[in-house]
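# Descriptive analysis of the structure
As a plain string of letters, each chain reads:
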Amino acid sequence: MRIEVLYFASLRERTGVASESVEVPRDGRVSDLWQAVVGLHPRLREVTVRPLVACDLEYASWERALDGVRE
């Protein structure tokens, strides 16, 4: 499934983009999405603190399943 990822502040600076569509497994979690994003943008490996994440305009845990997220 494809998830639209929006980047803000330092993550936008490190990726060089404001947003992009990222492919993740249908049974994926937020942590899987982060790994996919790091694979696309190796500079994110330098991030030492887990960024805050929101799904459908609500803060989400890193274990949140992505199957209910609007694509």
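Here we come to the packing of aromatic side chains. On inspection of all chains with the given rule, the structure shows one aromatic pair. Of note, Arg50 hangs over the ring of Trp62, and the distance from its end group to the ring centre comes to 4.5 Å.

A word on the environment of Val47. Within the secondary structure, Val47 sits in the loop between helix 2 (30–40) and strand 3 (53–55). In sequence terms Val47 and Leu11 are 36 residues apart; their C-alpha atoms lie 8.6 Å from each other.

Turning to helix 2, a few remarks are in order. Taken residue by residue, helix 2 has Val30, Ser31, Leu33, Trp34, Val37 and Val38 as its buried positions. Considered in projection along helix 2, the buried side chains sweep an arc of 155° and stay on one side of the axis. Relative to its buried face, helix 2 has exposed residues pointing more than 90 degrees away, namely Gln35 and Gly39. Turning to helix 2, the residues buried within the fold contact strand 1 (2–6), helix 1 (9–15), strand 2 (19–23) and strand 3.

Here strand 1 shows one buried face, formed by Ile3 and Val5, and one open face, formed by Arg2, Glu4 and Leu6. By the bridge criterion, five bridges tie strand 1 to strand 2 in an arrangement that is antiparallel. Within strand 2, the position partnered with Val5 by the bridge is Glu20.

Enumeration over the complete set of coordinates arrives at two salt bridges. With its nearest N and O atoms 2.9 Å apart, the salt bridge here joins Glu23 to Arg2. Here Arg2 lies in strand 1 and Glu23 lies in strand 2, a separation of 21 residues in the sequence. For Glu23, a relative accessible area of 45% translates into the label partly exposed.

Looking now at the nonpolar core. Core analysis: the biggest nonpolar cluster contains 18 residues, and Val5, Val24, Leu33, Val37 and Leu66 have the highest contact counts within it. Where this core is concerned, the elements lending two or more residues are strand 1, helix 2 and strand 3. At five residues, the largest contribution of residues to this core is made by helix 2. The contact partners of Leu33, leaving out residues within four places of it in the chain, are Ile3, Val5, Val22, Val24 and Leu66.

Calculation rules
Residues numbered from 1 in each chain as written. Predicted model: local features only at pLDDT ≥ 70, side-chain atom pairs only at ≥ 80, totals over all residues. Heavy atoms only, no water. Phe/Tyr/Trp six-rings, centres within 6.5 Å; stacked < 30°, edge-to-face > 60°. Lys NZ or Arg CZ within 6 Å of the ring centre and 35° of its normal. Helix = DSSP H or I, 4+ residues; strand = E, 2+ residues; numbered from the N terminus. Buried < 20%, exposed > 50% of the residue type's maximum accessible area, 1.4 Å probe, protein only. Arc of directions from axis to C-beta. Contact = heavy atoms within 4.5 Å. Pairing = 2+ DSSP bridges. Salt bridge = Lys/Arg side-chain N within 4 Å of Asp/Glu carboxyl O. Core = buried A, V, L, I, M, F, W, Y, C linked by side-chain atoms within 4.5 Å.

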